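Read off the chains here:
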Amino acid sequence: MLGKLMKYEFHAVSRFLLPLHLALILITFVGRFYVQFALDNLSYRFALLHASLIMFYVLALFAIFVLTYVYLYILRPHRNWFSDEGYLMHTLPVTPAQHIWSKLIVSMCWIILDMFLLGLSIFLMTINPEILESWPQLIEMLQDMIVSFTGFDYVLGTITYVLSLLADCARGILVVYMCMAIGHSFNQYKLLISIAIYVGVYIGTSLVNTLAAIILTIPYGGSGVGSLFIISNSSLGNGRMTWFEIVFSLVVAAISFFVTQYFLSKQLNLE
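All figures in this text were calculated on a predicted structure; none of them were measured in a lab. (Residues numbered from 1 in each chain as written. Predicted model: local features only at pLDDT ≥ 70, side-chain atom pairs only at ≥ 80, totals over all residues. Heavy atoms only, no water.)

Some thoughts on the nonpolar core
Moving on, step 1. With 38 residues, the main nonpolar core has Leu72, Tyr73 and Ile173 as its most contacted residues.
Moving on, step 2. Setting aside anything within four residues of it in sequence, one finds tyrosine 73 in contact with Ile111, Cys169, Gly172, Ile173, Val176, Tyr177 and Met180. (Core = buried A, V, L, I, M, F, W, Y, C linked by side-chain atoms within 4.5 Å. Buried < 20%, exposed > 50% of the residue type's maximum accessible area, 1.4 Å probe, protein only. Contact = heavy atoms within 4.5 Å.)

Quick look at the side chain of histidine 99
Moving on, step 1. With respect to the helices, strands and loops of the structure, histidine 99 is situated in helix α4 (residues 96-126).
Moving on, step 2. For histidine 99, a relative accessible area of 2% gives the class buried.
Moving on, step 3. Residues in contact with histidine 99, not counting those within four places in the same chain, are Leu5, Trp81, Met89 and Val94. (Helix = DSSP H or I, 4+ residues; strand = E, 2+ residues; numbered from the N terminus.)

A look at the confidence of the model for the protein chain
Moving on, step 1. When pLDDT is averaged across the protein chain, the result is 80; 77% of the residues are at 70 or more.
Moving on, step 2. Mean pLDDT per element in the protein chain: helix α8 (residues 228-231) is the minimum at 42, and α4 is the maximum at 89.
Moving on, step 3. Low confidence marks residues 220-234, where pLDDT is under 50. Its contacts with residues over four positions away, or in another chain, come to 23 contacts. (pLDDT = per-residue confidence, 0-100.)

Examining the environment of histidine 11
Moving on, step 1. Relative to the assigned elements, histidine 11 resides in helix α1 (residues 2-40).
Moving on, step 2. Judged by its relative accessible area of 52%, histidine 11 falls in the exposed class.
Moving on, step 3. Along the primary structure histidine 11 and valine 106 are separated by 95 residues, whereas in three dimensions their C-alpha atoms are 9.9 Å apart.

Here's the deal with the packing of aromatic side chains
The geometry of an aromatic ring pair is captured by the separation of the ring centres together with the interplanar angle, meaning the angle of the planes.
Moving on, step 1. Evaluation of the coordinates by the stated rule reveals nine aromatic pairs.
Moving on, step 2. Measuring from centroid to centroid gives 5.2 Å for tryptophan 101 and phenylalanine 257, while their planes differ by 50°, and the two rings are tilted. Linking tryptophan 101 in helix α4 with phenylalanine 257 in helix α9 (residues 235-266), this pair joins segments that are 156 residues apart in sequence.
Moving on, step 3. You can call phenylalanine 257 buried: its relative accessible area is 8%.
Moving on, step 4. Measuring from centroid to centroid gives 5.6 Å for phenylalanine 257 and phenylalanine 258, while their planes differ by 85°, and the two rings are edge-to-face.
Moving on, step 5. Taken together, the ring pairs connect Phe65, Tyr69 and Tyr73 into an aromatic cluster. (Phe/Tyr/Trp six-rings, centres within 6.5 Å; stacked < 30°, edge-to-face > 60°.)

A word on the environment of threonine 260
Moving on, step 1. Mapped onto the elements of the fold, threonine 260 is located in helix α9.
Moving on, step 2. Along the backbone, threonine 260 and isoleucine 182 are 78 residues apart, and their C-alpha atoms lie at a distance of 7.5 Å.
Moving on, step 3. Not counting chain neighbours up to four residues away, the residues in contact with threonine 260 comprise Trp81, Ile100, Leu174, Tyr177, Met178 and Ala181.
Moving on, step 4. Among the polar contacts listed, one links the side chain of threonine 260 to the backbone oxygen of serine 256, at a separation of 2.7 Å. (Polar contact = N/O pair within 3.5 Å; in protein donor to acceptor, adjacent residues only side chain to side chain.)

So, in structure tokens, the structure goes:
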């Protein structure tokens, strides 16, 4: 049944997000040709036009980014679970866990695709063709960035970086689900309560991450807020923080999953 739910969810989500990202691809290709044309025909007479089109491109990227996340994180689950459509969805022979899994998996797939297309769009719009001739240096620079950020060698660093992104993505989605599920168990002020819970969870998780960063820098000769600068120069410290962030994100995601499951099955209030 989970497979059928995911198939339905992919179909429903794609009706909105697929045209949005096809528009992004079209804007990127048209913009790339225009950028090359502008570089070959530099003139002050068209400076205002160039600036306006660049601003349009930036706003388009921002709009697609925001619409994708708001739709996947908030609008889609809210309409399915907590609006009038919820009366139908919750009568299906499907467990709350399957509802959560289907939306989580589909949302993560679309978010990964969205990040890839946005990154590719920015790369194609800004890259100088002459720089591509020095691609070995670019790859080496990328490897050094991953090693510096994660504290591991390139292969293990890439794996841990991907795991960190996936865990953080799952945590972000499930925390929103949890806040909405708790907020909609009340009779009034459901949206305000959901937002207040989210703000509280965000502040709490941020404090835990900050304290962990401080504690993990103590072995390197520092403590307190000032020692946060030390960890950026310590590969071992970065490695510890990377694994901590992965584990912490998975723990928060698991708690959010089970809390959402409980409220969807025991405390659901569609009034």
